[in-house]
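Architecture and fold: a report
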Amino acid sequence: MNRTSIFEEMNNGEKCILFSICGILLAVAFVALLCSNFSYTQFEKPHLYKDYTVVSDPKTMEVSAYVKIKEDMIGKVFVLYTSDAFVDAYIDGNSIYHYGDESNFCRSPWSIYQMIKVPETLSCIGKTLKIHIRTVYKNKFKESYDIYLASSGGWIITELKKEILDILANIFIFMLGIIVFIVYALESKNGINNVSNLCLGIACILTAACTSCELFLFQLLLPTGVCQYYIYYCSFMIIPVLLIVYFESINANKIKLKIELYMHLTVIIIATMLQISGISEFAENMVIYLIACIIELISIVIKLLISKECMRSQYLTFGLLILVWCIIINSLVYISNTNEQTSLLLTKIGFIIYVTISIFDSFDNLMLTLLHDKLNRKKFNLAHTDSLTKLRNRYAFDDDIKTINIEYLSLVSIDLNNLKYYNNTYGHLQGDKLIIEVSNILKQSFSGSIYRTGGGEFTIIQAGYSAEAIEIGINNVKKLAFEYNKYNDNLIIEIACGYSAYTDGDTCYDDILKRANKIMYKHKDELRKHSKVKSAYTIDS
């Protein structure tokens, strides 16, 4: 028994997405390889510096570190990580470094690596460097800090290497967000209103922005702390709203998540009011906010898992479980370690897995929808198309005529003489040939919609055309039929035509068609009298 591989069963769109994701992974791996092989020969490796004195005051949440400057420190940097703290550095009372300015928007200057450079002057040797740290929030206060001594270049490379996985994960999430937006655009173009992918795409972009705020790379690119503060916390609060709307829209049983949504919006409103009033800021309420998010998340997961076939596919359910466990573990680590940097790499990995599965699932649904639409269109076209002439048929005429404003309607009625004679004398193949030739003449003569409404009967809808334009079309039919008959003695084409336009008092298209038919039958009788086909069938056709 032959077995096909998964790749062989994929359609072209799924293969494109697979190759895109593989390309991103290869690029990520290549960058990681380059960074891992970076040489330190031009930089001195950072090392933990312990030869300093610390004075702390928990009441004022201030810490001062005193360092005696030595010759080997000249031109180097002292580095320490501070959480929501203002930092100043002095040498014998002279300021050499300042970070954080008071703001009307928030009290926190954000959490960053402080890089305090020792002046490149020998006069500093033997003097005392004072590093003063004033923490804004009680839950972020520390009585001592790890201080590193390094060259500025060495420290930058060290931190970027430590963050490389987080940086690459953020780039990957951002690229996945772009792919989700592309899928959403394809769905919208094909008439599929899938709000879930719009929410997921925005959530990807915000997740990449939010988690980048705590990275050293982001500090280098955007040193203003207040900006990171608001990007981080606003994104952190909007993302769950997007995900709640997303999960409500993708579950197969349409489980309502309004309670969780209202709960989260209430938390956001309270936190925002506390921030604006100055009573309490986002950073101070982060633990409470995370606990609320975990409660909402558990509630959503329970609702989704209790209901059978809650998700569009079992793969989405699997991806959701991975994401939930990653978020819970990462949140617990954050809650227990609020004073230090906490990597969100585990959550990012879970999110990447879920979004990747979701992209393939959405694209699969899109392809199925397009296939169904294509089959439906094919069935519709088969039902509304004449198989012999490829013109629209009677069913199509009945549908289309209803959509036209009767006041702009003109109808041309066409009937083919002698069809019955050719069918009975030479067979239906000859009769079919006659019908095809007539349809070609009509296509060359009229620009309106042409319908084969019977055996040798045709109707042409000329909406908005002038009487002169229709007369030109009818005369062209007569001319082309005459030209054809000059070179085809064995198959004579005689076409009866009549047309009529809307006049006052017409209530439906039948009123117009009756007048057109009356004129057409009059023309038909005239053709019979002068017909080149000498047969008894001519009279009956």
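Residues numbered from 1 in each chain as written. Predicted model: local features only at pLDDT ≥ 70, side-chain atom pairs only at ≥ 80, totals over all residues. Heavy atoms only, no water.

Describing the overall build of the chain
When you go through the chain residue by residue, the secondary structure sums to 17 helices and 13 strands. Per-residue burial over the chain gives 46% buried out of 541 residues. Residue pairs at least 24 apart in sequence account for 75% of intrachain contacts in the chain once pairs closer than 6 positions are excluded. Within the structure as shown, the chain displays about 28200 Å² of accessible surface, and the carbon and sulfur contribution to it stands at 61%. (Helix = DSSP H or I, 4+ residues; strand = E, 2+ residues; numbered from the N terminus. Buried < 20%, exposed > 50% of the residue type's maximum accessible area, 1.4 Å probe, protein only. Contact = heavy atoms within 4.5 Å. Areas by Shrake-Rupley, 256 points an atom, 1.4 Å probe, with all protein chains shown as cover.)

A few points about the pairing of strand β4 (residues 77-82)
On a regular strand, each side chain points to the face opposite its neighbour's, so the side chains alternate between the two faces of the sheet. Burial runs high along β4: six of the six residues are buried. On β4, burial covers both faces: V77, V79 and Y81 on one face and F78, L80 and T82 on the other are all buried. Bridging between β4 and strand β7 (residues 112-117) involves six bridges; their strand directions are antiparallel. Directly across from T82, in β7, lies its bridge partner I112. Sheet topology note: the β4/strand β9 (residues 147-150) ladder contains three bridges and is antiparallel. Bridge pairing in β9 places V79 opposite Y148. (Pairing = 2+ DSSP bridges.)

With respect to the pattern of salt bridges
Applying the stated criterion to the full structure yields 12 salt bridges. For R452, the salt bridge identified is with D386, shortest N-O distance 3.1 Å. Residue R452 is found in strand β11 (residues 449-452), and its partner D386 is found in the loop between α11 (345-384) and α12 (394-401); the two are separated by 66 residues along the sequence. For the pair shown, R452 and D386 are each scored as buried. R392 is the salt-bridge partner of D400, the closest N and O atoms lying 3.1 Å from each other. Given a relative accessible area of 26%, R392 falls into the partly exposed group. (Salt bridge = Lys/Arg side-chain N within 4 Å of Asp/Glu carboxyl O.)

Structural notes on a nonpolar patch on the surface
A contiguous nonpolar patch, built from I171, F174, M175, I178, I182 and L186 and spanning about 470 Å² of accessible area, is present on the exposed surface. Mapping I178 onto the fold places it in helix α4 (residues 164-189). (Patch = residues over 30% accessible without salt bridge, like charges linked within 9 Å, V, L, I, M, F, W, Y side chains within 5 Å.)

Structural notes on unusual backbone geometry
Phi at K390 is positive, roughly 65°, even though this residue is not glycine. Secondary-structure assignment places K390 in the loop between α11 and α12. Although it is not a glycine, N418 adopts a positive phi angle of roughly 70°. Secondary-structure assignment places N418 in the loop between β10 (410-416) and α13 (419-426). Taking the relative accessible area as the measure of exposure, N418 reaches 0% and is therefore buried.

Side note on the packing of aromatic side chains
In this structure the tally under the stated criterion is 13 aromatic pairs. Ring geometry for F236 versus Y289: centroids 6.0 Å apart, planes at 65°, classification edge-to-face. Residue F236 is found in helix α7 (residues 225-250), and its partner Y289 is found in helix α9 (residues 286-306); the two are separated by 53 residues along the sequence. Per residue, the accessibility class of F236 equals that of Y289, and both read buried. (Phe/Tyr/Trp six-rings, centres within 6.5 Å; stacked < 30°, edge-to-face > 60°.)

A look at the sheet that holds β4
If you trace the four strands from one edge of the open sheet to the other, you get β1-β9-β4-β7, paired in antiparallel fashion. Among the strands making up the open sheet, the edge pair consists of β1 (47-49) and β7. Each strand of the sheet is rotated relative to its neighbour by a mean of 35°, with strand direction disregarded. Along the sheet, helix α3 (residues 152-162) contacts β4, β7 and β9; its crossing angle with β7, the most-contacted strand, is approximately 165°. (Axes fitted to C-alpha atoms, helices over the stretch in contact; angles between N-to-C directions.)

Side note on the sheet that holds strand β12 (residues 457-461)
Strand order in this open sheet of four strands is β11-β12-β10-β13, and the pairing throughout is antiparallel. A single partner strand is all that each edge strand has here, and the edge strands are β11 and β13 (495-501). Across the sheet, the axes of successive neighbouring strands diverge by a mean angle of 20°, strand direction being ignored. The strands that α12 touches are β10, β11 and β12; relative to β11, the one it contacts most, it runs at about 140°. Against the sheet, helix α15 (residues 467-487) engages β10 and β13, with an angle of about 175° to β13.

Description of the packing of α13 against helix α14 (residues 428-445)
At a minimum axis distance of 6 Å, the contact between α13 and α14 shows a crossing angle of 150°. Accordingly, the angle class assigned to the pair α13 and α14 is roughly antiparallel. Residues L419, Y422, N423 and Y426 of α13 touch α14, and the partners they reach there are H428, Q430, G431, L434 and I435. Split by residue class, the contact of α13 with α14 holds five nonpolar, four polar and no charged. (Parallel < 35°, antiparallel > 145°, perpendicular 65-115°, else oblique. Nonpolar A, V, L, I, M, F, W, Y, C, P; charged D, E, K, R; others polar.)

Considerations on the nonpolar core
Ranked by size, the top nonpolar core spans 89 residues in total, and within it F78, I131 and F247 carry the most contacts. Here this core gets 13 residues from one element, more than from any other, and that element is α7. Not counting residues within four places of it along the chain, the set of residues in contact with F78 comprises Y49, V67, M73, Q114, M115, I116, V118, L129, I131, I147, Y148 and L149. Core analysis: the next-biggest nonpolar cluster, separate from the first, contains 28 residues, L391, F446, I470 and I495 among them. (Core = buried A, V, L, I, M, F, W, Y, C linked by side-chain atoms within 4.5 Å.)

A closer look at helix α8 (residues 258-277)
Residues three or four positions apart in an α-helix share a direction because the helix packs 3.6 residues into each turn. A rise of 1.5 Å per residue sets the reference length of α8, with its 20 residues, at 28 Å; its end C-alpha atoms lie 28 Å apart and thus fit the reference within 8%. The complete set of buried residues in α8 reads E260, L261, H264, I268, A271 and Q275. Buried residues of α8, viewed axially, fall in a sector of 100°; they line one side. When the buried face of α8 is taken as reference, the exposed residues oriented beyond 90 degrees from it are I259, M273 and I276. Taken from the residues just after α8, G278 is the one with a positive phi, measuring 85°. (Expected span 1.5 Å × (residues − 1). Arc of directions from axis to C-beta.)

Observations regarding the confidence of the model for the chain
The share of residues in the chain with pLDDT of 70 or more is 86%, and the mean pLDDT across the chain is 82. Within the model, pLDDT remains below 50 along residues 36-42, and this stretch shows eight contacts once partners closer than five positions in the same chain are excluded. The model gives residues 536-541 a pLDDT under 50, and that stretch makes 15 contacts with residues more than four places away or in other chains. (pLDDT = per-residue confidence, 0-100.)

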